[in-house]
Amino acid sequence: MQVISMFNINYLFVLTSVVIIACGQIIFKYAAKELHIDPTQAYVAILRANVYPFGLVTIALALYLISTVAWVQALRTVPLSIAFMFNSIAFILVPIASSLLFHEPISRHFILGMALIIGGIILISR
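Residues numbered from 1 in each chain as written. Predicted model: local features only at pLDDT ≥ 70, side-chain atom pairs only at ≥ 80, totals over all residues. Heavy atoms only, no water.

A.B. asks: I'd like a description of the packing of aromatic side chains, backed by residues and values.
C.D. replies: Applying the stated criterion to the full structure yields 3 aromatic pairs. A ring pair is formed by Phe-28 and Tyr-64, whose centres lie 5.6 Å apart and whose planes are at 65°; its orientation type is edge-to-face. Of this pair, Phe-28 sits in helix H1 (residues 2-34) while Tyr-64 sits in helix H3 (residues 51-74), and the two are 36 residues apart along the sequence. The partly exposed category is assigned to Phe-28, whose relative accessible area is 23%. Take Tyr-64: its relative accessible area is 24%, and that puts it in the partly exposed class. Taking the centre distance of 6.3 Å and the plane angle of 90° together, the rings of Tyr-30 and Tyr-52 count as edge-to-face. Placement of Tyr-30 in helix H1 and of Tyr-52 in helix H3 is noted, with a sequence separation of 22 residues between them. Tyr-30 sits in the partly exposed class, given a relative accessible area of 31%. (Phe/Tyr/Trp six-rings, centres within 6.5 Å; stacked < 30°, edge-to-face > 60°. Helix = DSSP H or I, 4+ residues; strand = E, 2+ residues; numbered from the N terminus. Buried < 20%, exposed > 50% of the residue type's maximum accessible area, 1.4 Å probe, protein only.)

What follows is the structure, encoded as C-alpha cells:
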C-alpha cells in the first residue's frame, strides 16, 4: 500500500511541476506586456521604469525553481520516459490561459492537437 501511495504522490509532483511551469510562462507573458523599454534611456532609467515587470520575471523564475524541485522529487520513482510526456500538458494549459487572459486566438488545429496530446498521454501512461 505504501508503494502505491508514493507512486500517486510523485505523479502529483509531475503534474504540479507542469502546472507551475505553465503559470511561469503566463507570468512571463504578462511581464513582457508590461515592459516599457525606450532605447534612448539609460539602463538605470529603464530599470526604474520597469520595476514591476522585472519583479514579475523574478516571481516566474522562483516558480521555475519550485517546479524543478517538484520535478526532481517526482523522478525519484516515476520513470523519466513517462514523466517527460506530461510536460506536453503545458502545451495545452499555456495557450488556453493565453486565450482567457490575453485574448489570443485558439484555432481548430489547436483543438485537434490538444486532443492528440491528451490521447498520447493516456496511451503512454498505460
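Moving on from the model shown.
A.B. asks: Could you give me a rundown of the environment of Ala-45, with the residues and numbers involved?
C.D. replies: In this fold, Ala-45 is placed in helix H2 (residues 43-49). The spatial distance from the C-alpha of Ala-45 to the C-alpha of Lys-29 is 22 Å, given a sequence separation of 16 residues.

A.B. asks: Tell me about unusual backbone geometry, residues and numbers included.
C.D. replies: Here the phi dihedral of His-103 falls at roughly 60°; this positive angle occurs in a residue that is not glycine. You can see His-103 is positioned in the loop between helix H5 (90-102) and helix H6 (108-125). Of the residues examined, His-103 reaches a relative accessible area of 69% and is grouped as exposed.

A.B. asks: Tell me about the pattern of salt bridges, and please be specific about residues and values.
C.D. replies: For the structure on display, the rule yields 1 salt bridge. Among the salt bridges present, the one from Glu-104 reaches Lys-29, with a minimum N-O distance of 3.1 Å. Taken together, the positions of Glu-104 in the loop between H5 and H6 and Lys-29 in helix H1 put the pair 75 residues apart, joining distant regions of the chain. (Salt bridge = Lys/Arg side-chain N within 4 Å of Asp/Glu carboxyl O.)

A.B. asks: Quick rundown of the nonpolar core? Include the residues and the values.
C.D. replies: Among the nonpolar cores identified, the biggest contains 12 residues, and these are Tyr-11, Val-14, Val-18, Trp-71, Ala-74, Val-78, Ile-82, Ala-83, Phe-86, Ile-89, Ala-90 and Ile-121. Where this core is concerned, the elements lending two or more residues are H1, H3 and helix H4 (80-83). Considering every element that reaches this core, the biggest residue donor is H1, with 3 residues. Discounting chain neighbours no more than four positions away, the residues touching Ile-121 are Met-85, Phe-86, Ser-88 and Ile-89. (Core = buried A, V, L, I, M, F, W, Y, C linked by side-chain atoms within 4.5 Å. Contact = heavy atoms within 4.5 Å.)

Purely geometric numbers; function is a separate question.
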